[in-house]
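For reference, the chains in residue letters:
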Amino acid sequence: MTRSDRYLLDNRQTEAGERFDAFASLFDPTTFRHLDGFGIGPGWRCWEVGAGGTSVVSWLAKKVGPTGRVLATDIDTSRVAAAARPPVEVRVHDVGAEEPPGEGFDLVHARLVLVHVPDRDRALRSMVKALRPGGRLLVEDADPALQPLLCPDEHGPEQQLANRLRKGFRRLLAERGADLSYGRRLPRLLREAGLHRVEADAYFPVSSPAGAALESATIRQIRDQLVAEGYATDQDIDRHLANVAAGGMDLATAPMISAWGRKA
């Protein structure tokens, strides 16, 4: 995430904490599986880019121990500040506009960050530059254009309304510069950045309590923008939030594509 008034999902809003909790429930198992596969352990030096919340930072801190280092950066560190104790350092930093905050990292990780960064190419170069030779980069980002529906099983009016609001959300993101098809390009971009042994996979949750919590928090956070841009009425949003709370819909997320590689 970069320092920009155009960012739709401000960390300072109340609903942001709910969204970070939902992301942790949905995506932490996938992220941790990949990081464990790298062999992360005591003494590793890690940079968590666009940290947002604390779940990944805290997990990394336990893995690297007192001899390691975890640098957590974001343009707004208010929600990750609580994790700022050794071996964790929290720093305000704009990955798309500033030089990397150091070099020689064993691991650099960014999750659901670059899709929102205007200068994604610069951000990716910065993360690669920060790695030591042999260091690992893991970038995980959504691809809303690959699967644009909130309810893939659109079998009734509740699902149709949900998908209409999701379409409005996607338009708001695109209007603010988000790249809705970024995730699928990550393997190629990592190879073009000079990384070796590049691999990728995708995780696509279709129905879960965390998915419903994420949808409720997101819609409440962007409610005013949806109404102001004419993508929904207040009545539409009230009805949709009631439908979500009733628990009868299967609510999917966009696929999260994880891509990783090693610096030569």
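Structure: see above.
Cut-off values and rules
- Residues numbered from 1 in each chain as written.
- Predicted model: local features only at pLDDT ≥ 70, side-chain atom pairs only at ≥ 80, totals over all residues.
- Heavy atoms only, no water.
- Helix = DSSP H or I, 4+ residues; strand = E, 2+ residues; numbered from the N terminus.
- Rg over C-alpha atoms; globule rule 2.2 N^0.38 Å.
- Buried < 20%, exposed > 50% of the residue type's maximum accessible area, 1.4 Å probe, protein only.
- Contact = heavy atoms within 4.5 Å.
- Areas by Shrake-Rupley, 256 points an atom, 1.4 Å probe, with all protein chains shown as cover.
- Lys, Arg positive; Asp, Glu negative; His and termini not counted.
- Charge placed at Lys NZ, Arg CZ, Asp CG, Glu CD.
- Phe/Tyr/Trp six-rings, centres within 6.5 Å; stacked < 30°, edge-to-face > 60°.

Let's hear about the overall build of the protein: which residues, and what values?
The helix and strand tally for the protein stands at seven helices and seven strands. Starting at the N terminus and walking to the C terminus, you meet the elements of the protein as α-β-α-β-β-β-α-β-α-α-β-α-α-β. Compactness check: the protein gives a C-alpha radius of gyration of 18 Å against a globular reference of 18 Å for 264 residues, within 12% of the reference. In terms of overall dimensions, the protein has C-alpha extents of about 55 × 35 × 30 Å along its principal axes. Every one of the 264 residues in the protein was classed for burial, and the buried ones make up 57%. Considering only residue pairs separated by 6 or more positions, the protein has 76% of its internal contacts joining residues 24 or more positions apart. With the model as given, the accessible surface of the protein reaches about 11300 Å², and the carbon-plus-sulfur share is 49%. Each charge sign in the protein was given a centre, from 35 positive and 36 negative side chains, and these centres are 5 Å apart.

A description of helix 3 (residues 120-130) should follow, citing residues and the corresponding values.
Three or more residues of helix 3 are buried, namely Arg120, Ala123, Leu124, Ser126, Met127, Val128 and Ala130. Those residues of helix 3 that are buried lie in contact with strand 1 (45-49), strand 4 (105-111), strand 5 (131-142) and helix 5 (186-192).

Give me the lowdown on the environment of glycine 68, citing residues and values where you can.
By the element assignment, glycine 68 lies in the loop between helix 2 (55-64) and strand 2 (69-74). Counting along the chain gives 26 residues from glycine 68 to proline 42, while the straight-line C-alpha distance between them is 6.0 Å. Contact partners of glycine 68, with chain neighbours within four places excluded, come to Gly43, Trp44 and Pro87.

I'd like a rundown of the environment of valine 64, residues and numbers included.
As for its placement among the helices and strands, valine 64 is situated in helix 2. Each C-alpha atom, one on valine 64 and one on aspartate 141, is 24 Å from the other, the two residues being 77 residues apart in sequence. The contacts of valine 64, once residues within four sequence positions are left out, are Ile40, Gly41, Pro42, Gly43, Trp44, Cys46, Arg69, Val70 and Pro87.

Describe the packing of aromatic side chains, and please don't skip the residues or the numbers.
Scanning the model with the defined rule gives four aromatic pairs in all. Centre to centre, the rings of phenylalanine 27 and tyrosine 203 are 6.1 Å apart; their planes meet at 90°, and the pair counts as edge-to-face. One end of the pair, phenylalanine 27, is in helix 1 (residues 14-37); the other, tyrosine 203, is in strand 6 (residues 196-203), with 176 residues separating them in the sequence. Ring centres of tryptophan 47 and phenylalanine 105 lie 6.0 Å apart, and the angle between their planes is 35°; this geometry places the pair in the tilted category. With tryptophan 47 in strand 1 and phenylalanine 105 in strand 4, this residue pair connects regions lying 58 residues apart in the sequence. Across the pair, phenylalanine 105 and tryptophan 47 agree in class, each one buried. Within the aromatic cluster, the residues linked to one another by ring pairs are Phe23, Phe27 and Tyr203.

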